[in-house]
Amino acid sequence: QVQLVESGGGLVQAGDSLRLSCAASDRTFRGNGMGWFRQAPGKEREFVAAINWSGSHAYYADSVKGRFTIARDNAKNTVYLQMNSLKAEDTAVYYCAAASGGVLALEPRLINYWGQGTQVTVSS
């Protein structure tokens, strides 16, 4: 069973940066596509970024492209989301996600494991 634990959320001002981390407790992390999703109040959970099992390819939602960077450290079983130039509309609960079998974590329906979420609040 993969367990995902996010950290790094908080309250920041517009234009600031944050780095989210997600630690996976299971050795199968290395073979999983990993990703980040977010959910704002009253809205559906949406894709933010994904990275393939080796870390060689990354994918981003248009709304965060150029501002956010996803990375993974397979030696530490950890995936990161570096968020720069934060905007008020980035405010949401951010969820780490894992898709088994090398599948890319691009859509909620493809996710096998979810973290508990971490709150990111950006004040304007």
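This text follows the structure it describes.
Here's a quick rundown of the structure. If you're wondering where the values come from, they're calculated on a predicted model, not measured in any experiment.

Examined against the element boundaries, Asn74 turns out to sit in the loop between strand S7 (68–73) and strand S8 (78–83). Of the polar contacts made by the side chain of Asn74, one reaches the backbone oxygen of Trp53; its length is 3.2 Å. Residues contacting Asn74, with those up to four places away along its chain left out, are Phe29, Arg30, Trp53 and Ser54.

This part covers unusual backbone geometry. With a phi angle near 55°, Asn77 is a residue other than glycine that sits in the positive phi range. By the element assignment, Asn77 lies in the loop between S7 and S8. The exposure class assigned to Asn77 is buried, which follows from its relative accessible area of 15%. Non-glycine residue Ser85 carries a positive phi angle of around 50°. Relative to the elements of secondary structure, Ser85 occurs in the loop between S8 and strand S9 (92–99).

Before going further, it helps to spend a moment on the sheet that holds S7. If you walk across this open sheet you meet the four strands as S1-S3-S8-S7, and the pairing is antiparallel. Where the open sheet ends on each side, the last strands, each with one partner, are strand S1 (4–7) and S7. Within this sheet the neighbouring strands show an average axis-to-axis angle of 15°, counted without direction.

On to the packing of aromatic side chains. This structure, assessed with the given rule, holds three aromatic pairs. For the ring pair Phe37 and Trp114, a centre distance of 5.2 Å and an interplane angle of 70° mean the geometry is edge-to-face. Of this pair, Phe37 sits in strand S4 (residues 33–39) while Trp114 sits in strand S10 (residues 113–114), and the two are 77 residues apart along the sequence. For Phe37, a relative accessible area of 0% gives the class buried. Overall, Trp114 belongs to the partly exposed group, its relative accessible area being 32%. Linked through ring pairs, Phe37, Phe47, Tyr95 and Trp114 together constitute an aromatic cluster. Taking NZ or CZ as reference, Arg45 lies 3.7 Å from the ring centre of Tyr95, over its face. Positioned above the aromatic ring of Trp114 is the side chain of Arg45, whose terminal nitrogen or guanidinium carbon lies 4.5 Å from the ring centre.

Next up on the list: the state of the cysteines. Within the structure shown, the criterion is met by one disulfide. What pairs with Cys22 in a disulfide is Cys96, and their sulfur atoms sit 2.1 Å apart. Here the disulfide of Cys22 and Cys96 is left-handed, its torsion about the S-S bond being about -80°. Of this pair, Cys22 sits in strand S3 (residues 18–24) while Cys96 sits in strand S9, and the two are 74 residues apart along the sequence. Using a relative accessible area of 1% as the deciding quantity, one classes Cys22 as buried. Taking the relative accessible area as the measure of exposure, Cys96 reaches 0% and is therefore buried.

Quick notes on the rules
- Residues numbered from 1 in each chain as written.
- Predicted model: local features only at pLDDT ≥ 70, side-chain atom pairs only at ≥ 80, totals over all residues.
- Heavy atoms only, no water.
- Helix = DSSP H or I, 4+ residues; strand = E, 2+ residues; numbered from the N terminus.
- Polar contact = N/O pair within 3.5 Å; in protein donor to acceptor, adjacent residues only side chain to side chain.
- Contact = heavy atoms within 4.5 Å.
- Buried < 20%, exposed > 50% of the residue type's maximum accessible area, 1.4 Å probe, protein only.
- Pairing = 2+ DSSP bridges.
- Axes fitted to C-alpha atoms, helices over the stretch in contact; angles between N-to-C directions.
- Phe/Tyr/Trp six-rings, centres within 6.5 Å; stacked < 30°, edge-to-face > 60°.
- Lys NZ or Arg CZ within 6 Å of the ring centre and 35° of its normal.
- Disulfide = S-S within 2.5 Å.

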